[in-house]
Amino acid sequence: MASANNFGIEKGKSDVAMKWINEYLVKNNKSFKISVTTNQLDTLNFGTFDLIEWHGDWSIARNVVKKVSSKLNIKVVEAGYHKKGNIVESFFGMSQEYCKVYSSGKFVGTLILKKKSGDWIVDKEKRG
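Fair warning: this is a prediction, and the values are worked out from it, not measured in the lab.

Definitions and cut-offs
Per chain, residue numbering runs from 1 following the sequence as it is written. Selection of residues for local features in this predicted model requires a pLDDT of at least 70, selection of side-chain atom pairs for listing and counting requires 80 or more, and totals for whole chains, interfaces and linings are taken over all residues. Derived side-chain values reflect all non-hydrogen atoms in the structure, with water molecules and hydrogen atoms excluded from consideration. Whenever a helix is involved, its axis is fitted only over the stretch in contact; in every case the axis is a line through C-alpha atoms, and angles between N-to-C directions fall within 0 to 180 degrees. Elements are defined by DSSP. Helices are runs of H or I of four residues or more, strands are runs of E of two residues or more, and each kind is numbered from the N terminus. Should an angle fall under 35 degrees it is called roughly parallel, over 145 degrees roughly antiparallel, and 65 to 115 degrees roughly perpendicular, with every other angle called oblique. Take the far helix as your reference; a near helix turned counterclockwise from it by less than a right angle gives a left-handed crossing, and one turned clockwise gives a right-handed crossing. Any two residues having at least one pair of non-hydrogen atoms within 4.5 Å are treated as being in contact. Any residue that is not Ala, Val, Leu, Ile, Met, Phe, Trp, Tyr, Cys, Pro, Asp, Glu, Lys or Arg is counted as polar, Gly included; the first ten are nonpolar and the last four charged. At least two bridges found by DSSP between two strands are what make those strands a pair. Stacked, edge-to-face and tilted labels apply to pairs of Phe, Tyr and Trp rings (six-membered ring for Trp) whose centres lie within 6.5 Å, assigned for plane angles under 30 degrees, over 60, and everything in between, in that order. Exposure is judged per residue with a 1.4 Å probe applied to protein chains only, and the accessible area is read against the type maximum: over 50% gives exposed, under 20% gives buried, and values in between give partly exposed.

Chemist: How should the packing of helix α1 (residues 14–27) against helix α2 (residues 58–72) be read in this particular structure?
Modeler: For any two helices packed against each other, the geometry is given by the interaxial angle and the distance between the axes. Relative to each other, α1 and α2 sit at 125°, their axes nearing to 10 Å. Here α2 runs oblique to α1, going by the angle between their axes. The two elements α1 and α2 cross, and the hand of that crossing is right-handed. Contact residues: Val-16, Ala-17, Trp-20, Ile-21, Tyr-24 and Leu-25 in α1; Ile-60, Asn-63, Val-64, Lys-67, Val-68, Lys-71 and Leu-72 in α2. Residues belonging to the contact of α1 with α2 are distributed by class as follows: ten nonpolar, one polar and two charged.

Right, dumping it as structure tokens:
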């Protein structure tokens, strides 16, 4: 079972989003766990996001995060994209994470994240 803590939901809207996601997962009989972490991701162009932690299939994570964006008209960060890089960088946790940002279900930009002291921070961002 895969897991990650680098998807995000617009700050202040994560409780409503988690309720909708959990109802959707039960209704569609999906084996998947998701919760809000105490970490946040601050961006210049897109605002602040509450990072979420999930355990399960990446395709389910991607699907529910994009769906909640369109259903509840909120911004989300969909992570999990990687550029093939240096194995040494990956081993020491210096690799980058590429993300898509959606607002109301529509693609609005990209983020490149990096880890600093164990937390994700924005390295670069670009409006779509």
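Alright, that's what it looks like, and here's the rest.
Chemist: Can you help me understand the pairing of strand β7 (residues 119–127) in this one?
Modeler: Inspection of the sheet shows strand β6 (residues 106–116) paired to β7 by eight bridges, in the antiparallel sense. When the bridges of β7 are listed, Ile-112 appears paired with Lys-124. From the end of β6 to the start of β7, which pair antiparallel, there are two residues, and Ser-117 there has a positive phi angle of about 55°.

Chemist: How should I be thinking about the packing of aromatic side chains in this particular structure?
Modeler: Aromatic ring pairs: the centre-centre distance and the angle between the two ring planes describe each pair. Per the stated rule, a full pass over the model turns up four aromatic pairs. For the ring pair Phe-32 and Trp-54, a centre distance of 5.8 Å and an interplane angle of 15° mean the geometry is stacked. Of the two residues, Phe-32 is situated in the loop between α1 and β2 (33–43) and Trp-54 in strand β3 (residues 47–56); the sequence distance between them amounts to 22 residues. You'll find Phe-32 and Trp-54 in the same group, each marked buried. On the basis of an interplanar angle of 75° and a centroid distance of 6.2 Å, the ring pair of Tyr-102 and Phe-107 is categorised as edge-to-face. Phe-107 sits in the partly exposed class, given a relative accessible area of 41%.

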